[in-house]
Each structure stands twice: as C-alpha cells, then as structure tokens.
Amino acid sequence: MTTTSERERTSSPPEVETLRTRHTRGPDRVPRWVVKTASPVVLIVLWQVLSSTGVLPRDVLASPATVAVTAAEMWADGALQSAVAVSSVRVLSGIAIGLVTAVLLATLSGLFRRGEDVIDAPVQMLRTVPVIGLIPLLIIWFGIGEEPKIALIALAVTFPLYMNLFGGIRNVDATLVEAARTLGLGWFGQVRHVILPSAMPQFLVGLRYALGTAWLALVFGETINATSGIGYEMNTAREFFQTDVIVVCLALYAVLGLVGDLVVRTLERGLLSWRPAFSGR
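Residues numbered from 1 in each chain as written. Predicted model: local features only at pLDDT ≥ 70, side-chain atom pairs only at ≥ 80, totals over all residues. Heavy atoms only, no water.

Caption draft 1: Spatial organisation of a nonpolar patch on the surface. On the surface, L104, L108, F112, W187 and F188 cluster together into a nonpolar patch covering about 540 Å² of accessible area. Residue position: L104 is located in helix α4 (residues 79-111). (Patch = residues over 30% accessible without salt bridge, like charges linked within 9 Å, V, L, I, M, F, W, Y side chains within 5 Å. Areas by Shrake-Rupley, 256 points an atom, 1.4 Å probe, with all protein chains shown as cover. Salt bridge = Lys/Arg side-chain N within 4 Å of Asp/Glu carboxyl O. Helix = DSSP H or I, 4+ residues; strand = E, 2+ residues; numbered from the N terminus.)

Written out as structure tokens, the structure reads:
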C-alpha cells in the first residue's frame, strides 16, 4: 500500500536545471577579464624570469623588457605605425574582395541546386590547392606590386567564408522554411527572414576563422618584394638576428588578430541577440 509521503514524492515534478545563457547567468565571483588576463601575465613573467636567469639567451629569444624597449623605439621612429597602416590596408582590401566573392558564390550555390552544380565543384577543387603554392602564378599574373599580396589574402579568405555560409544555408531546418511558406511568405521573404538569419551564426564563425587566415596569408604575401609592412620589418630583422624586432612583429599580428576577432564577436552579440545561446557553466 502506497503511503502519503510516497505519493507526494512520485507525483512531484522533476527538478529542472536552467541552462545559463548570456542573458540569464548571474554575476561571477571573479570577473572574467581577470581570469582571461591572468594566464598571459603569468607566461610573460615566466618568460622574463627565464631570460633574466640566462635559461633563454638573448640570441635565442629577447626578454619581454627588451621587446618593450624595442617597441617603444620603433613607435618613436614611426616605423611601427607605418608598418601597421600598410599591412592593415592590405588585409582589409583582401578581406573585402574575399567577402564579396564568398557571399556571392555561397548564396548562389546554397539557394539554388543548379548553382551548386556549377559553382561548388570548382570551389572544392580550388580549396584543396595550398594558397601559398599560388604565389608564383600570382607574381606572373599581377607582377610584384600590391596586387599579388591582396589577391593572396582574398583567396585565403574566400574559401572558409564560402564553406561556412554554404553549410549554414544548407543546414537550415526545412520545417522552418515550410512554415514560412505556409504563412504566405514568398521566396525572397523566406530567404530574408528565415534562411539567411538561420545561416548567420555559422557565417560569423567562418568570418572569425577567415580573419585569422588573412593575417597568416599576409605573412607570406609580404615576402613578395615588400618594402614596407609588418612582414617586411620581420624579414629584415631575421637577416640581422634581431629577435626583439621579430617578437614585436609577432605581437602586432596577435593584437591585430584579436582586434578583428573582437569586432566579429561584437557583431555576433548584435546580430544574434535574438538567439539565447548557451555560454558554458
């Protein structure tokens, strides 16, 4: 015979744990920016200690203090600002070309099966070709000016953007499209209000990846008869074994890459504010 306490225990609803999202999570005990900056600071301190004790010789890797002094000198000379400006123009130009190309190709092949038949196979073939291996052809086609550098970056950006946008469009839930059609939305309304918004998260992931690829392609692009830019400064420093200048250039690449990633993540928060995403425990 079932007792009253047993009936209450069996009839009570199960406990439900609410997933934390960016909108529902409470304040952390330790601010997240403190945790994020702690590990880089510890690594820099360890690096300085190893350099000061002689474990890391100067000709192998300059100390953080030496790198900071070199960066200040390059800033005072104007070399740092000039290199960043030139490299940024090259990257932004390549990203703009690659973004337009990828969006156009992925939209046509993602929305139309005939477009996929025509576009997707050549893109997949080109995607498997190492972009760096195209440098000789780019030099033959465009010379040794700015054009091959920008073209190299554009190619490096196009393929991850295309893959993510194409995949995002094709992974849209078919029931959502059918529901939009049932509610009377035409084809362009379905694309605007259902397909593209649903594909936006994956496209933004591809954009974050493409920004990192763009700076990687720039390193190789600036070996093509470059007389300015971050890559030029780094290649010149390599010839004279100036590890402090090399580290400054690498730090510039890292900072600029983080700035680009921060811009995309800010776009994510704005464009995807309608989607309560899981943000970890």
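Caption draft 2: Highlighting unusual backbone geometry. The residue F241 is not glycine, and still its phi comes out positive at about 55 degrees. Relative to the helices and strands, F241 is located in the loop between α10 (230-239) and α11 (243-271). A relative accessible area of 70% means that F241 is categorised as exposed. (Buried < 20%, exposed > 50% of the residue type's maximum accessible area, 1.4 Å probe, protein only.)

Caption draft 3: Just the nonpolar core, in detail. Ranked by internal contacts, the top residues of the largest apolar core, which has 55 residues, are V91, I153, V157, L161, Y162, I195 and I230. Looking at which element gives the most residues to this core, the answer is helix α9 (residues 187-221), with 13 residues. With near-sequence residues (within four places) excluded, Y162 lies in contact with A102, L105, A106, S109, I119, D120, V123 and Q124. (Core = buried A, V, L, I, M, F, W, Y, C linked by side-chain atoms within 4.5 Å. Contact = heavy atoms within 4.5 Å.)

Caption draft 4: Broad picture of the pattern of salt bridges. Tallying each qualifying case throughout the model produces six salt bridges. Here E146 makes a salt bridge to R90, at a shortest N to O gap of 2.7 Å. Residue E146 is found in helix α7 (residues 146-170), and its partner R90 is found in helix α4; the two are separated by 56 residues along the sequence. The class of R90 is buried, set by a relative accessible area of 2%. The shortest N-O distance in the salt bridge between D261 and R208 comes to 2.8 Å.

Caption draft 5: Structural context of the environment of V172. Inspection of the secondary structure puts V172 in the loop between α7 and α8 (174-182). What makes V172 buried here is its relative accessible area of 14%. As for V172 and S198, which are separated by 26 residues in sequence, their C-alpha atoms are 6.1 Å apart. Not counting chain neighbours up to four residues away, the residues in contact with V172 comprise V177, V194, I195, S198 and A199.

Caption draft 6: Summary view of the packing of aromatic side chains. Going through the model one piece at a time under the given rule, you end up with two aromatic pairs. With a centroid separation of 5.8 Å and an interplanar angle of 5 degrees, the aromatic rings of Y162 and F166 are classed as stacked. Within this pair, Y162 and its partner F166 are both found in helix α7, separated by four residues, close to a single helical turn. The pair formed by Y162 and F166 is uniform in burial state, with each residue classed as buried. Relative to Y253, the ring of W215 lies with its centre 6.2 Å away and its plane at 65 degrees, an arrangement referred to as edge-to-face. With W215 in helix α9 and Y253 in helix α11, the pair connects residues that are 38 residues apart, well separated along the chain. Residue W215 is classed as buried on the basis of its relative accessible area of 11%. (Phe/Tyr/Trp six-rings, centres within 6.5 Å; stacked < 30°, edge-to-face > 60°.)

Caption draft 7: Spotlight on α9. When the terminal C-alpha atoms of α9 are compared, their 42 Å separation across 35 residues is substantially less than the 51 Å that a helix rising 1.5 Å per residue should span. Along α9, the largest kink reaches about 45 degrees and is centred on M200; proline P201 follows within four residues of it. (Expected span 1.5 Å × (residues − 1). Bend = angle between axes of the 7 residues up to and from the residue.)

Caption draft 8: Geometry of a positive patch on the surface. On the surface, R32, K36, R265 and R269 cluster together into a positively charged patch. For the positive patch, the secondary structure elements donating two or more residues are α2 (32-52) and α11. Relative to the helices and strands, R32 is located in helix α2. On the basis of relative accessible area, R32 is assigned to the partly exposed category, the value being 44%. (Lys, Arg positive; Asp, Glu negative; His and termini not counted. Charge placed at Lys NZ, Arg CZ, Asp CG, Glu CD.)

Caption draft 9: Region of interest: the packing of α10 against α11. At a minimum axis separation of 8 Å, α10 and α11 run at an interaxial angle of 155 degrees. When the interaxial angle is binned, α10 and α11 end up roughly antiparallel. Between α10 and α11 the crossing geometry is left-handed. Across the interface between the two elements, I230, G231, E233, M234, A237 and R238 of α10 pack against V245, I246, C249, L250, L252, Y253 and L256 of α11. Grouping the constituent residues of the contact of α10 with α11 by class yields ten nonpolar, one polar and two charged. (Axes fitted to C-alpha atoms, helices over the stretch in contact; angles between N-to-C directions. Parallel < 35°, antiparallel > 145°, perpendicular 65-115°, else oblique. Left-handed = near helix turned anticlockwise from the far one by under 90°. Nonpolar A, V, L, I, M, F, W, Y, C, P; charged D, E, K, R; others polar.)

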